[in-house]
Amino acid sequence: MRRSAQWPNMGEPIPPTVSSNMKPAFTKVNRYIFDPKAMSWSLPSGTTCPGAEQCLAKADRLTGKITDGPKQKFKCYSAQGERYPSVRKRYWANFDAVRGKDSNEVCNILNDCWPVKAHRNRTHTAGDFFSEQYFLGWMEFAASKPDVQFWAFTKSLPFWVGNMGSVPSNMELQASYGGRWDSMIEEHCLKFARVVWSKEEADDLGLLIDTDDRLAAYPGPSFALLENFTKPKTTI
């Protein structure tokens, strides 16, 4: 018997493609990004995050109900946004367009959706590189637009490490700590982002805090992200 596809880390079948009149599209980034004219391509949180652990969460495609992963330590802010039907429909339209496609097909789909006047793109405000072919499709797409600045956070480290030669100079990647493959970050000297609970913690780690994606978008050292959604657990 053929096994059904599974939700990454969640042990549940991936919902099938649903007929929808919404087309895949890039959208404007949120107001916290340093360039409000930058674009983003997003996918369903959790569903497309094979490396997620400490932030793992997903929103039900139909109801928007949030289910947290068993090892969650801090909230997935993008999953919270998927409580809203219009957000879910957009993310799923994007996912339905690219899942199951090879790298060349992914590249062509992204190119068809790309706003011609855009100059910056934060790849995945929500979601991650869910397959190697999808990752390679993004690298091909970025390489085809050398005048556009791309950046992305990812926990899908095997795809990155296994294809470092395919990452173009205009795509800035950073590994997000808190996933299944954290050991690969130090092993391969990857630029990283680490969630901290306070400025004092970042100072102790010797990391600057990125508040608007500037440290993520440009080449440079690893950095911290301040957790604003979850209160750390304390013991008495």
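Below or above, wherever it landed, is the structure these notes cover. (Residues numbered from 1 in each chain as written. Predicted model: local features only at pLDDT ≥ 70, side-chain atom pairs only at ≥ 80, totals over all residues. Heavy atoms only, no water.)

**With respect to helix H2 (residues 85–98)**
The following threshold applies: Numbered from the N terminus, helices here are DSSP runs of H or I no shorter than four residues, and strands are runs of E no shorter than two. Every helix has an expected span of 1.5 Å times one less than the residues it contains. Relative accessibility decides the category of a residue: with a 1.4 Å probe and only protein chains considered, values under 20% of the type maximum give buried, values over 50% give exposed, and everything between is partly exposed. Residue contacts follow a heavy-atom distance rule, with two residues in contact if any of their heavy atoms lie within 4.5 Å.
Here H2 contains 14 residues, and its C-alpha end-to-end distance of 20 Å stays within 8% of the 20 Å for a straight helix at 1.5 Å per residue. Counting buried positions along H2 gives 10 out of 14 residues, so the element sits mostly inside the fold. Buried within H2 are the following residues: Arg88, Arg90, Tyr91, Trp92, Ala93, Asn94, Phe95, Asp96, Ala97 and Val98. Where the residues of H2 are buried, they touch strand S1 (27–28), strand S2 (39–41), strand S3 (57–59), helix H3 (103–113) and helix H4 (132–143). Gly100 lies just past H2 and shows a positive phi near 80 degrees.

**Some thoughts on the nonpolar core**
Heads up, the rule is: To define a nonpolar core, start from buried Ala, Val, Leu, Ile, Met, Phe, Trp, Tyr and Cys residues and group those joined through side-chain atoms within 4.5 Å.
Among the nonpolar cores identified, the biggest contains 43 residues, and Phe26, Trp41, Val98, Phe129, Tyr134 and Trp138 are the most heavily contacted of them. Core analysis: the next-biggest nonpolar cluster, separate from the first, contains 10 residues, Trp151, Ala193, Ala216 and Ala217 among them.

**Looking at unusual backbone geometry**
Even without glycine at this site, His124 takes up a positive phi of about 75 degrees. Topologically, His124 is positioned in the loop between strand S5 (120–123) and H4. Within the chain, Asp213 stands out as a residue other than glycine whose phi angle is a positive 75 degrees. On the secondary structure map, Asp213 appears in the loop between helix H7 (199–205) and helix H8 (214–217).

**Focus: the packing of H3 against H4**
For clarity, the threshold we go by: Simply put, an axis is a line fit to the C-alpha atoms, just over the touching stretch for a helix, and the angle between two N-to-C directions goes from 0 to 180 degrees. To sort the angles, those under 35 degrees are grouped as roughly parallel, those over 145 as roughly antiparallel, those from 65 to 115 as roughly perpendicular, and the leftovers as oblique. Take the far helix as your reference; a near helix turned counterclockwise from it by less than a right angle gives a left-handed crossing, and one turned clockwise gives a right-handed crossing. Polar here means any residue outside two lists: the nonpolar Ala, Val, Leu, Ile, Met, Phe, Trp, Tyr, Cys and Pro, and the charged Asp, Glu, Lys and Arg; Gly therefore counts as polar.
Where H3 meets H4, the axes come as close as 7 Å, and the angle between the chain directions of the two elements is 50 degrees. By the angle between their axes, H3 is oblique relative to H4. As H3 packs across H4, the resulting crossing turns out to be right-handed. Residue-level inspection shows Ser103, Asn104, Val106, Cys107, Leu110 and Asn111 of H3 in contact with H4, the latter providing Gln133, Tyr134, Leu136, Gly137, Trp138, Glu140 and Phe141. Taken together, the residues of the contact of H3 with H4 break down into seven nonpolar, five polar and one charged.

**Description of the sheet that holds strand S9 (residues 223–226)**
Hydrogen bonds between backbone atoms are what pair the strands of a sheet, whose relative direction is either parallel or antiparallel. Put simply, the rule is: Note on pairing: DSSP must find at least two bridges between two strands before they are called paired.
Reading across from one edge, S1-S2-S5-S6-S7-S8-S9 is the order of the seven strands in this open sheet, with mixed pairing throughout. Edge positions in the sheet fall to S1 and S9, since each of these pairs with one other strand and no more. Across the face of the sheet, H4 comes into contact with S2, S5, strand S6 (149–154) and strand S7 (171–176) while running at roughly 150 degrees to S7.

**Regarding the packing of aromatic side chains**
Under the convention used in this document: We call Phe, Tyr and Trp rings a pair once their centres come within 6.5 Å, taking the six-membered ring for Trp, and we label the pair stacked below 30 degrees between planes, edge-to-face above 60, and tilted otherwise.
All chains considered together, the criterion is met by 18 aromatic pairs. Ring geometry for Phe26 against Trp138: centres 6.2 Å apart, planes inclined by 80 degrees, an arrangement best described as edge-to-face. Of the two residues, Phe26 is situated in the segment before S1 and Trp138 in helix H4; the sequence distance between them amounts to 112 residues. An identical accessibility class is assigned to Phe26 and Trp138; each is buried. Plain terms: the ring middles of Phe129 and Phe135 are 5.0 Å apart, the flat faces sit at 80 degrees to each other, and that makes the pair edge-to-face. Phe135 matches Phe129 in its accessibility class, with the two residues each being buried.

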